[in-house]
Amino acid sequence: MVKDAERPIGVFDSGVGGLTVAAAIQRALPGESIVYFGDLLHLPYGSKSSRAVEEFTRAAVQFLLERSVKLIVIACNTATSIAAHLIREEVNVPVLGVIDPGARAACRMTVNRRIGVIGTRRTIESNAYVEAIGNFDSRAEVFQRATPLLVPLIEEGWQSHPATRLVLREYLRDFTERGIDTIVLGCTHYPLIRSEIKAILGDVHVVDSADTTAGETAEILGHAGRTVGSRSADEGVEKTRNGRVDGGFRVYLTDYTDVFGSMGEQILGVQLNDLHVIDLHWEEGAIHYAAVPEVNRQHGDANPGRQDTRRGRDQ
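What comes next is a walk through the structure. The structure displayed is predicted, hence computed values, not measured ones.

What counts, and at which threshold
- Numbers given to residues run from 1 along each chain, matching the order in which its sequence is written.
- Reporting in this predicted model follows two pLDDT cut-offs: at least 70 for local features of residues, and 80 or more for side-chain atom pairs to be given and counted; totals over whole chains, interfaces and linings ignore these cut-offs and use all residues.
- Hydrogens and waters are ignored; side-chain quantities use all the structure's heavy atoms.
- By the criteria applied, helices consist of DSSP H or I runs no shorter than four residues and strands consist of E runs no shorter than two, each listed in order from the N terminus.
- Relative accessible area decides the class of each residue, using a 1.4 Å probe on protein chains only: under 20% of the type maximum gives buried, over 50% gives exposed, and in between gives partly exposed.
- Here a residue-residue contact requires only that any non-hydrogen atoms of the pair lie within 4.5 Å.
- Each accessible area value is a Shrake-Rupley result obtained with a 1.4 Å probe; residue values ignore everything except the protein chains displayed when judging cover.
- For this analysis, a nonpolar core means a set of buried residues of the types Ala, Val, Leu, Ile, Met, Phe, Trp, Tyr and Cys, connected via side-chain atoms within 4.5 Å.
- Take the residue count of a helix, subtract one, and multiply by 1.5 Å to get its expected span.
- At every residue, the bend is computed as the angle between two fitted axes, covering the seven residues ending there and the seven beginning there respectively.

1. Focus on the overall build of the protein chain
Helices and strands together make up the secondary structure of the protein chain, namely twelve helices and twelve strands. Here the protein chain holds 315 residues, and the buried ones make up 54% of them. By sequence separation, contacts in the protein chain at least 24 residues apart represent 73% of the contacts at least 6 residues apart. On the protein chain, roughly 13900 Å² of surface is accessible, and the fraction owed to carbon and sulfur atoms is 47%.

Quick look at the structure:
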């Protein structure tokens, strides 16, 4: 029987951005194993109804619970703002979102209490960061900006492209004029362009929700005495066997795209050849995900009963 502390941490996102959170958790807790669930089949969540996001989130969380995770991180701002409070009432493991850690960190960092937030349109429209920051500091002023062009640019691999810098300057102009001293990256893709944001805003604190969420994950598990004994980072992420991520990190996806593969390897610093595309079916009127037999997805090998989504995609 697996000891409670040795159970993995579950991380869920609609796509690849949540890997920035998973990578930060590995840096903070190198001895831990992580199960990552990416719902690529249904992204982007920002364009979906609240009911759909709740349904997708519940199905992903159930899949992670079936992997015996000891804590779940919802590494998606949209899912956090819409569904996290519901999930906490329905499961018996801690559930951590990415909004409260970022909001709390922003309130600690700001001096003039003028805080900017950038995120997807759905996250900004939810006012989740405004409410969270207000809960931690009722005197703080929050200035928001939806930045819908950033995720496509990042996923195109244009993190340092002149076009991305041009779009960023336009998006961030209002923050410069309003004199913010702290900005929250309200999307898990945005840590990948942190340096570009910093270059435009200058002497402004940048709150990375990946790092803040990882810190709170370590704090929650530490206080509960549920962390794995300290090991080196190389032991926490075994990455020497044929370039695969083995043992310390397992990836399950509802679909595969080459963008996920290339960006995932960039974020984690390892090759992601060992991916598992899972089956979707309906059970009692709700979505349910089932893991297919374990087959390494190296060199485009398909999983039984499932079309190989690598083939014919983005070639």
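There is more to say, and it comes next.
2. Focus: the nonpolar core
If you look at the biggest cluster of nonpolar residues, it comprises 53 residues, and the most contacted ones within it are I9, V11, I25, I183 and F260. Ranked by residues supplied to this core, first place goes to helix α1 (residues 19-28) with six residues. When residues no more than four places from it in sequence are discounted, the contact partners of F260 are G15, V16, L19, Y36, L40, V251, L253 and L272. Of all hydrophobic cores here, the second largest spans 27 residues; its members include V53, F56, F63 and C76.

3. Brief notes about helix α8 (residues 162-178)
Taking 1.5 Å of rise per residue, 17 residues should cover 24 Å, and α8 covers 25 Å from first to last C-alpha, within 8% of that figure. Taken as a whole, α8 carries its principal kink of about 45 degrees at L172. Every buried residue of α8 is accounted for by T164, V167, L168, Y171, L172 and F175. The inward-facing, buried residues of α8 contact β5 (114-119), β6 (141-146), α7 (150-155), β7 (182-186) and α9 (194-201). Of the residues one or two after α8, G179 is the one with positive phi, at around 70 degrees.

4. Looking at unusual backbone geometry
The residue after L43, namely P44, is reached through a cis peptide bond having omega 0 degrees. Along the chain, the position of P44 falls in the loop between β2 (34-38) and α2 (50-66). Here S68, not a glycine, exhibits a phi torsion of approximately 60 degrees, which is positive. Inspection of the secondary structure puts S68 in the loop between α2 and β3 (71-74). Even without a glycine there, the phi angle at N127 is positive, about 60 degrees. Here N127 is to be found in the loop between α5 (121-126) and α6 (128-136). Judged by relative accessible area, which is 33%, N127 ranks as partly exposed.

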